[in-house]
Amino acid sequence: MEIPSSSLFSLSLVLLFFFVLATSADVHENFVQCLTSHSQNATSISQVIYTPNHSSYTSVLDFSIRNLRFLTPETPKPVVIITPSHESHIQVAIICARNHGLQIRIRSGGHDFEGLSYVSHVPFFILDLINLRSVSVDVESSSAWVQAGATIGELYYSIAEKSKTLAFPAGICPTVGVGGHISGGGYGMILRKFGLAADNVIDARIIDVNGAILDRESMGEDLFWAIRGGAGGSFGVVIAWKIQLVPVPSIVTVFNISRTLEQNATMLLHRWQYIADKIDNDLVIITDITRVNSSEEGKKTVQVSFISLFLGRVDELFPLMQKNFPELGLVKEDCREMSWIESTLYIAGFSSGTSLDVLLDRTPDPGISFKAKLDYVNEPISEIGLEGIWKRLNEEESAAVRIVTIPYGGKMSEIPESETPFPHRAGNIYHIAYFVGTLEGGVEFSNRYVDWIRRLYSYMAPYVSKSPREAYANYRDLDLGQNNDKGNTSYAQASIWGVKYFKNNFKRLVHVKTMVDPSNFFRHEQSIPAVSPWGKKRGN
């Protein structure tokens, strides 16, 4: 009897399905066996291994997923999660992953905008650094060692425990992991005075592709340069940073003034562009643009909030504002004086009186599905150009949109483009970041909201940097391009996105990568590729 071809095809699919399951099971079982057999303490490492059969696997996986776009049944899952409590666990994980053909995803705080610290489309495991988060502050030398699994909030809290007049120029969101934040540059509210987080790193500890633990001296200046702004996941596993703390006054001043379109927000934002990067370096004024309810019932309008941190007292701030930005109409009653550590809560949006203990809370807020993009602005955008943004904010998909501008100038303009891989220095007035988010996920989110932010990004092209249209590596955007899954990406292909993130520094990053990880073990969709000299000469 002849078997119908359709039945043969169905049988083939069933056999293939069971083969894939068996292969996947073999990979993770062999990998776990390798971990335990090569570890100095099998009991110790077994306590930080989570396979899909482990009762805590899902909770450990989901805890640090900050973008619900990647918290779906269809999202690829790791074959194993490791939460190392000792550096040796990482060394063994790297060696075993190389032996068994697994990709590594390194997660510090889980804020990668494209989920690249916990998602891959090839077999992979997650190295979750949540247990490596100690902070050791040395007030005498104004320095600190911070492990890569610590959050910005935990770092700030630890500094404030030891000193009220020391700080660190890192980010605004307290749940962001220090490991990834510093790896990509890391900006915050005192960047005009002290530069980026990466600009204030003085040493580091990294585990390379061979499992060796290196510090600044043993890794060499090329690799030390690359990891301070070249973005995470390309060169090894950074396990700790030694950072230079910076002096701040015991009292700083903050304000938050909001204006709608009906209150001349367009004129104020247009004027802000001419002064934000040129005023005193102790003063940063960022803007937060959202859609809000209008005073007219049933209508919406755009609101621009001018949020400021000044490293000094209100009596010093007020004349600066009167001289440089009188149009804002700041009065002393708009201002609040507080300590620097209290200002981190204020800027992050916590209500007055919130305990500093909130900085230690790693529990994520109720998540949303979101997509983000970022541009750099070299020339002020005209009022007509701004009105074009407002028009797009009136569309239905913009209900959960934020646009944030961060001014540069000051120290940011003094540091040469090639000092670190982060190249966005002199010539940039500010960067402008776009966020769209919703509780919806899956195809609905992609079709409506991702399409909307892509249209906004297209509209902004005439108003932002060109040749290249610059982007920020910590605001990962796969729309810019990505590597091949098998890791054989050419220099030319990777340059499409690499030059946007790193400009002329991309060439040096590729050189360092090829030197320290020639087999391209540490890779993801936008990691720095390793390129052979032969391939490069051929134009590949």
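For the structure itself, consult the block above.
The following paragraphs examine the structure supplied in this document. (Residues numbered from 1 in each chain as written. Predicted model: local features only at pLDDT ≥ 70, side-chain atom pairs only at ≥ 80, totals over all residues. Heavy atoms only, no water.)

1. Points about the environment of His431
Stated precisely, the cut-off is as follows: Strands are runs of DSSP state E lasting at least 2 residues, helices are runs of H or I lasting at least 4, and numbering of each runs from the N terminus. In what follows, a contact means two residues having at least one pair of non-hydrogen atoms within 4.5 Å. Two N or O atoms count as a polar contact when they lie within 3.5 Å, although within protein this holds only if one can serve as hydrogen donor and the other as acceptor, and sequence-adjacent residues are included solely when both atoms are side-chain atoms.
Relative to the helices and strands, His431 is located in strand β18 (residues 430–438). The sequence separation of His431 and Met189 amounts to 242 residues, and the corresponding C-alpha distance is 13 Å. What His431 contacts, discounting residues up to four positions off in sequence, is Tyr187, Leu374, Asp375, Tyr376, Val404, Thr405, Ile406 and Tyr408. In this structure the side chain of His431 is engaged in a polar contact, spanning 2.8 Å, whose partner is the side chain of Tyr408.

2. A look at the sheet that holds strand β5 (residues 135–138)
Let me state the cut-off plainly: Two strands pair if DSSP finds at least two bridges between them. Only the contacting stretch of a helix is used when fitting its axis, a line to C-alpha atoms as for every element, and angles between N-to-C directions run 0 to 180 degrees.
Reading across from one edge, β5-β6-β10-β8-β9 is the order of the five strands in this open sheet, with antiparallel pairing throughout. Each edge of the open sheet is held by one strand with a lone partner, namely β5 and β9 (213–214). Note that strand β8 (residues 201–207) and β9 share two bridges and pair antiparallel. Counterpart to Ile207 in the pairing with β9 is Ile213. In the packing of helix α4 (residues 87–100) onto the sheet, the strands contacted are β8, β9 and β10 (237–244), and the crossing angle to β8 comes to about 55°.

3. Structural notes on the pairing of strand β14 (residues 300–310)
Let me state the cut-off plainly: Partly exposed residues are those whose accessible area sits between 20% and 50% of the maximum for their type, while under 20% is buried and over 50% is exposed, using a 1.4 Å probe and protein chains only.
For β14, a buried count of nine out of eleven residues is recorded, marking the element as mostly surrounded by other parts of the structure. Pairing of strand β12 (residues 252–260) with β14 involves eight bridges; the strand directions are antiparallel. In the sheet register, Val254 faces β14, and the bridge partner there is Leu309. Where strand β13 (residues 283–293) and β14 come together, eleven bridges link them in antiparallel fashion. Within β14, the position partnered with Ile286 by the bridge is Ile307. Where β13 folds back on β14, the antiparallel hairpin that results is connected by six residues, among which Gly298 adopts a positive phi of roughly 85°.

4. Observations regarding the pattern of salt bridges
In plain terms, the rule: The term salt bridge refers to a side-chain nitrogen of Lys or Arg lying within 4 Å of a carboxyl oxygen of Asp or Glu.
As enumerated under the stated definition, the model contains 29 salt bridges in all. For Arg469, the salt bridge identified is with Asp375, shortest N-O distance 2.8 Å. With a gap of 94 residues between them, Arg469 in the loop between α15 (442–460) and α16 (491–502) and Asp375 in strand β16 (residues 369–377) connect regions that are remote in the sequence. Judged by its relative accessible area of 16%, Arg469 falls in the buried class. Salt bridges sharing common partners tie together Arg69, Glu114, Lys371, Lys373, Asp451, Arg454, Asp477 and Asp479.

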